[in-house]
Amino acid sequence: MSASGEAAGAGAGYAPHPYIGGRSAALRALAAWRMRWPGAPRVVALTGNPGSGRSRVVAGFLMLCDPEYRKQLPVDDLDPATVPPDLPAPVVPDVRGLTSAQVLWLLADHLELAAGRATDVFAELGAREEPLAIVVPDVDRAGPVRAAGEPARLVREVLAPLAATPTVHLLADVPRELAAELAGALPSGQVQVIDLDAPEWADPEGLVLHAETALAPEAGAPDLPYTTDPAARRELAEALARRAGGSRLTVQLAVQSLFAHSEGFDPEDEAQLPATVGDVLDLHARRLGADPQTLRQMLAPLAFAEGDGLPVELWRPLADAVAGRDMGRVLADGMLLAAPFVEPVEAPVDEDDEASGPEAPAEPAVRTLVRLTHPALAAEIRSGLPDPRDTQTKIAMALLEAVPQQDWSRADHYVRDHLAGHTLDAGLLPQLLVDPGLFTHADPIALRTAIEAVPLDQLGAPARTYLRTAPLLTRSGAPADMRAALLETAFVEDDLQPYAEALHGLGLDLPWRTLWSVPLAGVASVAAGSLPAAEEADPAAPGAGRRPVVALVVPAGTPGSRAVPAADRPESEASADQGPSPAQPSTATALLFHDLLSPGYVEADPAQVLRPSDEERAAAPYGLSRGSDYLRVWDRASGDVVTALISDSPFRDAELTPEGVLVVATERGVTARQILAPAPAPAPATATAEAPEVAAPTVPAQAAAPTQAATAPAGTTSADAAAHGRSHGPEGDHS
């Protein structure tokens, strides 16, 4: 199939696709892929220059693939070879803003796979009896951080394994360099690269039709001599298409520029017609009597914006920083100058608890963002700057200055969630990663993505601690106070106590304070008790000078341990409300004693250790229950969950003392946490509280996963819109 097929289709009297307006050769190839014709490739990589219309082709094709949407199209008027069979819609994940791990688990959840690891996903797909069609648009927009290179990671970690799975039929819209990488990993007969700018796939007549339609009054064009007169409209459309060299984006922006300000435009003068996206910017500025450099300075903050766009209130301070002067008047008077290139976006504000400090501003549920109309326009503006990294540095510094008194709980959502992306691009991120407030309040998925893009040897100790804790933060969707609590423990574990203490000064209600942590592998169980402070003290007297300790059952030969006969070992004596405790392995024949309330091992005779009495246990304000990968501390009086704990290392044992100290042994070591929640009134000593049946943890073991991937056509190719409506989704760490 080639561009000659376009003319053949038109000569046969077939109507063009109403949304695409051409590209019949590409549509025929995609229809053959969907039909699985003999000889048709199993994998198709659709590529082209930025602005060539890849997204539009995929969207138009999906209109034909969706059984409901195709009923709205004049299918009988189209070339039959461009119309795919009436099959169930393919799976269409919306990868925009998602990490490769999120995309993989989005697919797994939609397909209801039982996989628990990434490799299991591909194995389970390979075991299917029926072929599975997957369409992945907008790969170039993947990832929450632009400079982190997520599109390449998505291709290597998700799309390439999918393409190598025989039961998967894959269509992906990818940048040209990634299309070559994806195709190079497969036998030639299984993959086809459709480059929309290559001669065999180019559609010059379709571009003329695209321009002619955009200039028509029926499409909303103003009444001008070259829009109302069909002959003049056709002549201008041909000139625009010829001059643009195949770029749909250049034509579209040129038309929008003319509609914004047509005065002084001469359609007969081809020098006034743009050849590139950059030409559109410069010609538009000159037609309005402005300096093209001023227009680019206005738009530069939007060209570097992360996420869905820049909050409108941040536009001016960032423009001031880029230009090195006050841009207030320029922006106020320059909306006509910027109008063809920007669009507003109404974005929901994440209201979980992000700004949970005592002086956090009350923000509206919806806020206005502004962004450039196309990523290729942003790339053109960035590349046209004398020093893009210097410009990004100025933007990052301006954002940092916008944090009120460096209190991240009061910072704008955009600043705390995306400053890491800006500083990564400026080469400054490692210097930023020393602030516990940022670690707590920044969106953990975006921050983790940015940090992972920095070589490990360039990261300081706090950043490395954050990086190892990040899977817990992203997996659980924890609010800010629980993120701070998880980080506080991690800092203690890594011997970074000043950072742990700083988290207690953020004004958040942390559920615990970590008292100590020891990196001790092989602990089979823990048992809290007490030692008499002096030999003459009466060990049976309640509270008479006892020293709280915890006994750790460890493998024989552990340094500092005391070998003890099995009959003399202290038992966990876990109550019913504490859940089951792992059985002590027969090889664990040694004990270590550690102070319960402060760091340091204790020399002790096991015979002198007193376990809490039944009366003390019954009077304790808290109970402990245990799930497969979490612990819950609950209020005995009300049955309400006080806090919950998840770990990046499997639990071995846990005990909650009557004083509210939670001692937890994992495969990494042992940690003691003092529960800080307000203690309820003590229960009567004779009462025995049972664990509540339905108390939900404040930190779920796994955030709810998306339930389905949509198969919406056209521009709504979201695999799960809900995944984009929350800042913390299933990150993909299912370990």
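Calculation rules
- Residues numbered from 1 in each chain as written.
- Predicted model: local features only at pLDDT ≥ 70, side-chain atom pairs only at ≥ 80, totals over all residues.
- Heavy atoms only, no water.
- Helix = DSSP H or I, 4+ residues; strand = E, 2+ residues; numbered from the N terminus.
- Polar contact = N/O pair within 3.5 Å; in protein donor to acceptor, adjacent residues only side chain to side chain.
- Phe/Tyr/Trp six-rings, centres within 6.5 Å; stacked < 30°, edge-to-face > 60°.
- Buried < 20%, exposed > 50% of the residue type's maximum accessible area, 1.4 Å probe, protein only.
- Axes fitted to C-alpha atoms, helices over the stretch in contact; angles between N-to-C directions.
- Parallel < 35°, antiparallel > 145°, perpendicular 65-115°, else oblique.
- Left-handed = near helix turned anticlockwise from the far one by under 90°.
- Contact = heavy atoms within 4.5 Å.
- Nonpolar A, V, L, I, M, F, W, Y, C, P; charged D, E, K, R; others polar.
- Pairing = 2+ DSSP bridges.
- pLDDT = per-residue confidence, 0-100.
- Expected span 1.5 Å × (residues − 1).
- Arc of directions from axis to C-beta.
- Salt bridge = Lys/Arg side-chain N within 4 Å of Asp/Glu carboxyl O.

A. Local environment of the side chain of Arg 632. Inspection of the secondary structure assignment puts Arg 632 in strand S14 (residues 630-635). Separated by 3.0 Å, the side chains of Arg 632 and Tyr 630 make a polar contact.

B. Seen up close, the packing of aromatic side chains. Overall, the coordinates contain 5 aromatic pairs when judged by the stated rule. Each ring, one from Tyr 226 and one from Phe 265, has its centre 5.5 Å from the other, and the planes form 80°; the classification is edge-to-face. Here Tyr 226 is found in helix H9 (residues 225-228), whereas its partner Phe 265 is found in the loop between helix H11 (248-260) and helix H12 (277-287), with 39 residues between them in sequence. Judged on exposure class, the residue Tyr 226 and its partner Phe 265 are both buried. Put simply, the rings of Phe 439, Tyr 466, Phe 491 and Tyr 499 touch in pairs and so form one group of aromatic residues.

C. Looking closely at the packing of helix H18 (residues 388-401) against helix H19 (residues 413-426). Packing of H18 against H19 brings their axes to within 9 Å, and their N-to-C directions diverge by 155°. The orientation of H18 with respect to H19, classified from their angle, is roughly antiparallel. As H18 runs across H19, the sense of the crossing is left-handed. Here Arg 389, Gln 392, Thr 393, Ile 395, Ala 396, Leu 399 and Leu 400 of H18 come into contact with H19, specifically with Tyr 414, Val 415, Leu 419, His 422, Thr 423, Asp 425 and Ala 426. Residue classes in the contact of H18 with H19 are distributed as 8 nonpolar, 4 polar and 2 charged.

D. Quick look at the pairing of strand S10 (residues 546-554). Looking at chain direction, strand S9 (residues 525-532) and S10 are connected through 8 bridges and run antiparallel. Bridge pairing in S10 links Ala 527 to Ala 551.

E. How the structure looks around the environment of Val 57. Summarising the element assignment, Val 57 is placed in helix H3 (residues 54-65). By relative accessible area, which is 1% here, Val 57 ends up buried. Residues Val 57 and Leu 27, spaced 30 residues apart in sequence, show a C-alpha to C-alpha distance of 7.8 Å.

F. Inspection of the confidence of the model for the protein chain at higher detail. Overall, the prediction assigns the protein chain a mean pLDDT of 86, with 84% of residues at 70 or greater. Overall, residues 353-359 carries pLDDT values under 50, and its contacts beyond four positions in sequence, including any with other chains, amount to 19 contacts. For residues 572-586, every residue scores under 50 in pLDDT, and the model assigns this stretch 40 contacts once sequence neighbours within four places are set aside.

G. Representation of the side chain of Asp 173. Note that Asp 173 resides in strand S3 (residues 168-173). Taking the relative accessible area as the measure of exposure, Asp 173 reaches 1% and is therefore buried. Sequence-distant contacts of Asp 173, defined by excluding residues within four places in its chain, comprise Leu 46, Arg 54, Ser 55, Val 58, Val 136, Pro 137, Asp 138 and Val 139.

H. Focus on H18. A rise of 1.5 Å per residue sets the reference length of H18, with its 14 residues, at 20 Å; its end C-alpha atoms lie 20 Å apart and thus fit the reference within 8%. Within H18, burial applies to Thr 391, Gln 392, Ile 395, Ala 396, Ala 398 and Leu 399. An end-on view of H18 places all buried positions within 160° of arc, on one side of the element. Those residues of H18 that are buried lie in contact with helix H13 (292-303), helix H14 (312-323) and H19.

I. Representation of the pattern of salt bridges within the structure. Per the counting criterion, the structure on display carries 36 salt bridges. Two residues, Glu 157 and Arg 153, come together in a salt bridge whose shortest N-O distance is 3.2 Å. With Glu 157 and Arg 153 both in helix H6 (residues 150-163), this residue pair falls 4 residues apart, about one helical turn. Here the salt bridges share partners, and the residues they tie into one network are Arg 468, Glu 493, Asp 494, Asp 648 and Arg 668.

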